[in-house]
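Spelled out from the first residue to the last, the chains are:
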Amino acid sequence: MSGTYPATWRRPPQIITDRRLRIGLQIGVLVYLVLAVGSLEVNWQRVSEGLERGQRFIMGFLQPDFTSRWRDISQGLVESLTMTLTSTVVGVLISVPIGIGAARNLVPRPVYLVCRSIVAVSRSLQEVIVAIFLVAMFGFGPFAGFLTLTFATIGFIAKLLADDIEEIDEAQAEAIRSTGATWLQLLNYAIQPQVMPRLIGLSLYRLDINFRESAVIGIVGAGGIGATLNTSIDRYEYDSAGAILLIIIAIVMVAEYGSSYLRKFLQ
Amino acid sequence: MLELISLSKTYRTGDAALSDVSLQVPKGQIVGLIGPSGAGKSTLIRCINRLVEPSTGKIELGGVDLVTLGRRDLRKQRRRIGMIFQEYALVERLTVMENVLSGRLGYVPFWRSYLRRFDASDIQRAYQLLDRVGLLDHADKRADALSGGQRQRVGIARALAQDPDLLLVDEPTASLDPKTSRQIMRLLTEICTERDLPAIVNIHDVPLARQFMQRIVGLRAGQIVFDDAPTALTEDALTRIYGAEDWDAMRKGDIDQAEAENDAIRQLAEVGA
Amino acid sequence: MTDTASLPADWSYRSRATRLAIWTGWLALVALFVWCWQVMTETTIWAFVGDAPRQAADIGGRMVPPEWGYLPELMLPLWDTLNIATLGTLGGVVMAVPVALLAARNTTPSVTILRPIALFIIVASRSINSLIWALLLVTIIGPGLLAGIIAIALRSIGFIGKLFYEAIEETDPKQIEAIQATGAGPAEVLTYGVVPQVMPALWGISVFRWDINIRESTILGLVGAGGIGLKLNASMAVLAWDQVTVILLLILGTVIVSEWISALIRRAII
């Protein structure tokens, strides 16, 4: 009886059903990989020499040296932390009006377009590149870093805030509007209660990102722990570098747990 | 034959889901398990293939005690026990054929199953089972493209692909409409009769149980309070299982409801006229 | 109706104590901000800050008109940048999948030992930006594309690993239970019960990360890890701001195109 049924079965292709397209794509991917790997030009001798240094770095990570460069590390940390806090506060303060302006359901079209383009510019420029320019303009040090992070915060918070406002429950806004409330009263009674918890959450999240970024922009001269890290790596002091990286990881972990705790507490 | 000997299960929270349950299911018998929610029906079924670990007691299937088995032996015994789930529990993103073939997973080595290279006999059997449940044309469809009744039939085919000695069926019709429910129950009972396969069926729908089961076991608060033929399931027995519900009042409530609806329709018709 | 005179005339949403607490909170934040500001600007040379607008105008003036003749020279570095991002993402996915399987509560073989290790790998990788990884790798294995690729891969582990293990934890346990009930072994439960459920998520996450990696790989050259960033660094070193404009516009274009491709692929998957 079972002889009447087919004895083979192959899983039919799920995503790309056209056979030629599928084979074409597979060949394309293969060709790309060959070309990409082919253009690598690895100096294996240099790499094998580096293995010893890599080992030293891993040792440095496992036995970090916090003490011998502690003055530099602590100064870098203080710069990073202060820069993180000030840039987040200023960034959030600026991004609230811009975020409101970038919400389609609240403002006239010209204001919307202006605010959205500010957001787009801030988001498309990478922090490190912004930092390079600001360092060139304002000189080395944490002030340029502060400006960079503030600039990046504006794009981040304003966009998410605006998207959030656009998604609010229209019925609540409608109800407040129908009482004859002014635009500011509308903001205060209908919008603020709906988006405030999220704004606080976003600000805490951005605080965390800003700290991580502060470690990066130091490499191009914008102060903070990144500058200290850069120096220690340049000097091949892997034990100090390991110490700095561990501190960064620890602070990020604390910030993550802290902010999730704080968010729960505030809601 | 399946035999449960003073089976008990106490969850870590301290809830005693089953206490001292003993039951024998001979070959070819279809047993309906009824009882209020929380009576331990689902726990009972899951204890048999040890998706839930029983606390004490014995479960013997064809002379093998399932409770004391190690992991590897347990997997071997699980192959003999087909299970059919309440919400089908098909792997939604796999094809119907893969879902049926997954019933063979306990029999084939990993690399063959990974590459989907099943034996010819397995594939023929899978097709045969799909034909039996009326889904031969749907073999290459993805499981999430099927209707509820069709999915449950794939679930049945998957369980049968294991070539089981026992079927565990957990609320097979809970997510189906009344007509499809009857079709599924009929299919299940037919298949069990064809293969002389014993089955334990959790079922919350008492009329359905009466219609299709050969024997009914009533569970209440983890204990068997009724075990007899469906004809013996009187209102007294139902009260013993489900508690002192006022069945007459409920029925009267239904009549009230129907009358109210009729009344409303009549009034609407008058307004319209 | 009750006479209004008998009802309280003030009303406040919060009790006195909570209001006080909220005000103290805000006050503390302001104080903290002022203190941070003072510490941060201690070393700032305000003369430079005052000079900034003039500097900005100067740089801005030199940036236009862009030196378009520089564009053909940028094509090879751009190709390198794309390779860094793509191969780096691939490497990241390959390493992130096992880490995610160890980190997800429902697939990890050991909750007490392996899961915390996997979670630490994820946090460590996430906390350290790819530019820092690149900085380290350049000093270890020398400048070049390989350092960039490994840097991107190492940073991607955390991102992909975190999102992927969350996706694994959100799988439907019923489908997995059903596969277990057939007598399948752990490896088979993984390939039949878990993998089909999480594959779309893995594709989505990988493409998403690839898009971010394109963005990040454009600047890795600043520390010597290859790609278009090398050109950016070189042009800035010689203050050729008109070339910088071309590079930045090219980066912007690439980022927009990659964002578009990634959105397209993600829509096709879902």
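These numbers were taken from a predicted model, which means no experiment stands behind them.

J.: Please explain the overall build of chain C as it appears in this structure.
T.: Within chain C one finds 10 helices and zero strands. N-terminal to C-terminal, the α/β element order of chain C is α-α-α-α-α-α-α-α-α-α. What you see for chain C is a C-alpha radius of gyration of 27 Å, clearly larger than the 18 Å of a compact globule of 270 residues, by over 25%. Principal-axis analysis of the C-alpha atoms gives chain C an extent of 75 × 70 × 40 Å. Long-range pairs, those at least 24 residues apart, make up 72% of the contacts in chain C between residues at least 6 apart in sequence. Within the structure as shown, chain C displays about 13,200 Å² of accessible surface, and the carbon and sulfur contribution to it stands at 71%. If you average the places of the 16 positive and of the 18 negative side-chain charges in chain C, the two averages end up 5 Å apart.

J.: Would you take a moment to explain the interface of chain C and chain B for this structure?
T.: Where interface size is given, it is often the accessible area lost as the parts come together that is meant. Contacts between the two partners involve 19 residues from chain C and, on the opposite side, 30 residues from chain B. Summing both sides of the interface, chain C and chain B together bury roughly 2,100 Å²; the carbon and sulfur share of this comes to 62%. Taken together, the connections running from chain C to chain B amount to two salt bridges. The partner of Lys174(C) in a salt bridge is Glu87(B), with the nearest N and O atoms 2.8 Å apart. Taken together, chain C and chain B are joined by five residue pairs in polar contact (both at pLDDT 80 or more). Within the residue set of the side of chain C that touches chain B, elements represented by two or more residues are α7 (173-181) and α8 (186-217) of chain C. Of the residues forming the side of chain C that touches chain B, the biggest block, eight residues, is contributed by α8(C).

J.: Is there a simple way to think about helix α5 (residues 130-141) of chain C in this case?
T.: Each turn of an α-helix holds 3.6 residues, which means side chains three or four residues apart point in the same direction. Residue and element names in this part refer to chain C. Given a rise of 1.5 Å per residue, 12 residues ought to cover 16 Å, and the 16 Å separating the end C-alpha atoms of α5 matches this to within 8%. Across the 12 residues of α5, 12 count as buried, placing the element largely inside the fold. Residues of α5 that are buried: Ser-130, Leu-131, Ile-132, Trp-133, Ala-134, Leu-135, Leu-136, Leu-137, Val-138, Thr-139, Ile-140 and Ile-141. After α5 finishes, the residue Gly-142 shows a positive phi value of roughly 90°.

J.: What am I meant to see in the interface of chain C and chain A here?
T.: Each side of the interface is counted separately: chain C has 56 residues, and chain A has 52 residues. Contact with chain A buries area across many residues of chain C, yet Met40(C), Thr139(C) and Ile140(C) alone supply 13% of it, more than any other trio. Our count for the chain C to chain A interface comes out at one salt bridge. A salt bridge links Arg126(C) to Glu256(A), with the nearest nitrogen and oxygen atoms 2.4 Å apart. Where chain C touches chain A, the interface holds 11 residue pairs in polar contact (both at pLDDT 80 or more). Split by residue class, the side of chain C that touches chain A holds 41 nonpolar, 11 polar and four charged.

J.: How should I be thinking about the sheet that holds strand β6 (residues 81-84) of chain B in this particular structure?
T.: Residue and element names in this part refer to chain B. The strand order across the open sheet built from six strands is β6-β7-β8-β3-β9-β10, with neighbouring strands paired in mixed fashion. Of all strands in the sheet, those with a lone pairing partner are β6 and β10 (223-228), marking the two edges. The mean angle between the axes of side-by-side strands here comes to 20°, regardless of whether they run parallel or antiparallel. Pairing of strand β7 (residues 166-170) with strand β8 (residues 199-202), which is carried by four bridges, proceeds in the parallel orientation. Its bridge partner being in β8, Leu-168 is matched across the sheet by Ile-200.

J.: Mind showing me how you'd approach unusual backbone geometry here?
T.: The phi torsion of most residues other than glycine is negative, and most of the peptide bonds are trans. Cis geometry is adopted by the peptide bond preceding Pro65(C), which originates at Val64(C) and carries an omega value of -10°. Along the polypeptide, Pro65(C) turns up in the loop between α2 (46-63) and α3 (75-103). Even without being glycine, Ala89(B) reaches a positive phi, approximately 50°. Within the secondary structure layout, Ala89(B) lies in the loop between β6 and α3 (96-101). Look at Leu239(C): it is not a glycine, yet its phi comes out positive at around 55°. Residue position: Leu239(C) is located in the loop between α9 (228-237) and α10 (241-269).

J.: What exactly am I supposed to notice about the UniProt feature "transmembrane region" (unreviewed entry) in chain C here?
T.: Residue and element names in this part refer to chain C. What UniProt calls "transmembrane region" (unreviewed entry) maps, in this numbering, to residues 20-40, 84-104, 111-128, 134-154, 219-241 and 247-265. Annotation note: span residues 20-40, helix share 100%, strand share 0%, distance between end C-alpha atoms 30 Å. Across residues 111-128, the secondary structure splits into 78% helix and 0% strand, with the terminal C-alpha atoms separated by 25 Å.

J.: Mind showing me how you'd approach the domain arrangement of chain C here?
T.: Assigned domains of chain C: these are domain 1 (13-46) and domain 2 (74-269). The straight-line distance from the C-alpha centre of domain 1 of chain C to that of domain 2 of chain C is 38 Å.

J.: Teacher, can you tell me more about the UniProt feature "transmembrane region" (unreviewed entry) in chain A here?
T.: Residue and element names in this part refer to chain A. In the numbering used here, UniProt assigns the feature "transmembrane region" (unreviewed entry) to residues 21-40, 85-107, 128-157 and 241-262. With 90% helix and 0% strand, residues 21-40 has end C-alpha atoms that lie 29 Å from one another. Between the C-alpha atoms that bound residues 85-107 there is a distance of 30 Å. The span itself is 74% helix and 0% strand.

J.: Is there a simple way to think about the packing of aromatic side chains in this case?
T.: Each aromatic ring pair is characterised by the separation of its centres together with the angle its planes make. Summed over all chains, the structure comprises 14 aromatic pairs over all chains. Judged by centre distance (5.7 Å) and plane angle (80°), the ring pair of Tyr32(A) and Trp79(C) falls under edge-to-face. Of this pair, Tyr32(A) sits in helix α1 (residues 19-38) while Trp79(C) sits in helix α3, each in a different chain. Take Trp79(C): its relative accessible area is 28%, and that puts it in the partly exposed class. An angle of 75° between the planes, with centres 6.1 Å apart, marks the rings of Phe143(A) and Trp37(C) as edge-to-face. Placement of Phe143(A) in helix α6 (residues 142-166) and of Trp37(C) in helix α1 (residues 16-40) is noted, with the two residues assigned to different chains. Through a chain of ring-to-ring contacts, three or more aromatic side chains come together here, namely Phe138(A), Phe143(A), Phe146(A), Phe33(C), Trp37(C) and Trp46(C).

J.: I tried to follow the UniProt feature "domain: ABC transmembrane type-1" (unreviewed entry) in chain A on my own but got confused; where do I start?
T.: Mapped onto this numbering, the UniProt entry gives "domain: ABC transmembrane type-1" (unreviewed entry) at residues 77-257 of chain A. Helix and strand shares over residues 77-257 of chain A are 83% and 0% respectively, and the end C-alpha atoms of the span are 20 Å apart.

J.: What is the right way to look at the pairing of strand β1 (residues 2-10) of chain B in this model?
T.: Side chains on a regular strand alternate between the two faces of the sheet. Residues and elements named next belong to chain B. As defined by bridge partners, β1 adjoins strand β2 (residues 16-25) across six bridges and the pair is classed as antiparallel. Among the inter-strand pairings, Thr-10 is bridged to a residue of β2, identified as Ala-16. Count of turn residues in the β1/β2 antiparallel hairpin: five residues, of which Gly-14 carries a positive phi of about 95°. Relative to strand β4 (residues 56-61), β1 runs antiparallel, the two sharing five bridges. Residue Leu-2 lies in a different strand from β4, and its bridge partner there is Leu-61.

Cut-offs used in this document
- Numbers given for residues are sequential positions, taken from 1 along each chain in its written order.
- Here every chain gets a letter starting at A, and every ligand a number starting at 1, in the order they are written.
- Residues qualify for local features only when their pLDDT is at least 70, as the model is predicted, and side-chain atom pairs are given and counted only at 80 or more; totals for whole chains, interfaces and linings, by contrast, use all residues.
- For side-chain calculations, the full set of non-hydrogen atoms in the structure is used, while hydrogens and water are omitted.
- Runs of H or I in DSSP of at least four residues are treated as helices and runs of E of at least two as strands, each being numbered from the N terminus.
- As a reference, a globule follows 2.2 Å times the number of residues to the power 0.38, and the radius of gyration itself is taken over C-alpha atoms.
- Throughout, a residue-residue contact means that at least one pair of heavy atoms, one from each residue, lies within 4.5 Å.
- Under the convention used here, a 1.4 Å probe and the Shrake-Rupley method define accessible areas, while residue burial counts only the protein chains that appear.
- Only four residue types enter the tally: Lys and Arg on the positive side, Asp and Glu on the negative side; His and the chain ends are excluded.
- Charged side chains are reduced to one point each, which is NZ for Lys, CZ for Arg, CG for Asp and CD for Glu.
- By definition, the buried area sums, over both parts, the 1.4 Å-probe accessible area that each loses when the two are put together.
- Here, a salt bridge means any Lys or Arg side-chain nitrogen found within 4 Å of an Asp or Glu carboxyl oxygen.
- Residues adjacent in sequence count toward polar contacts only when both atoms are side-chain atoms; beyond that, a polar contact is any pair of N or O atoms within 3.5 Å, and within protein one must be able to donate a hydrogen and the other to accept it.
- One less than the number of residues in a helix, times 1.5 Å, gives the span that helix is expected to have.
- Per-residue accessibility, obtained with a 1.4 Å probe over protein chains only, is compared with the maximum for each type, and a residue is labelled buried under 20%, exposed over 50%, and partly exposed between these values.
- Three classes are used: nonpolar for Ala, Val, Leu, Ile, Met, Phe, Trp, Tyr, Cys and Pro, charged for Asp, Glu, Lys and Arg, and polar for all others, with Gly counted as polar.
- For two strands to count as paired, DSSP must find a minimum of two bridges between them.
- All axes here are fitted lines through C-alpha atoms, helices being fitted over the stretch that makes contact, and every angle between N-to-C directions spans 0 to 180 degrees.
- UniProt positions are given in the numbering used here, feature names are shortened, and annotations may be inferred rather than shown by experiment.
- Boundary definitions for the domains trace back to an automatic or database domain assignment.
- Between 30 and 60 degrees the pair is tilted, below 30 it is stacked and above 60 it is edge-to-face, where a pair is any two Phe, Tyr or Trp rings, Trp via its six-membered ring, whose centres lie within 6.5 Å.

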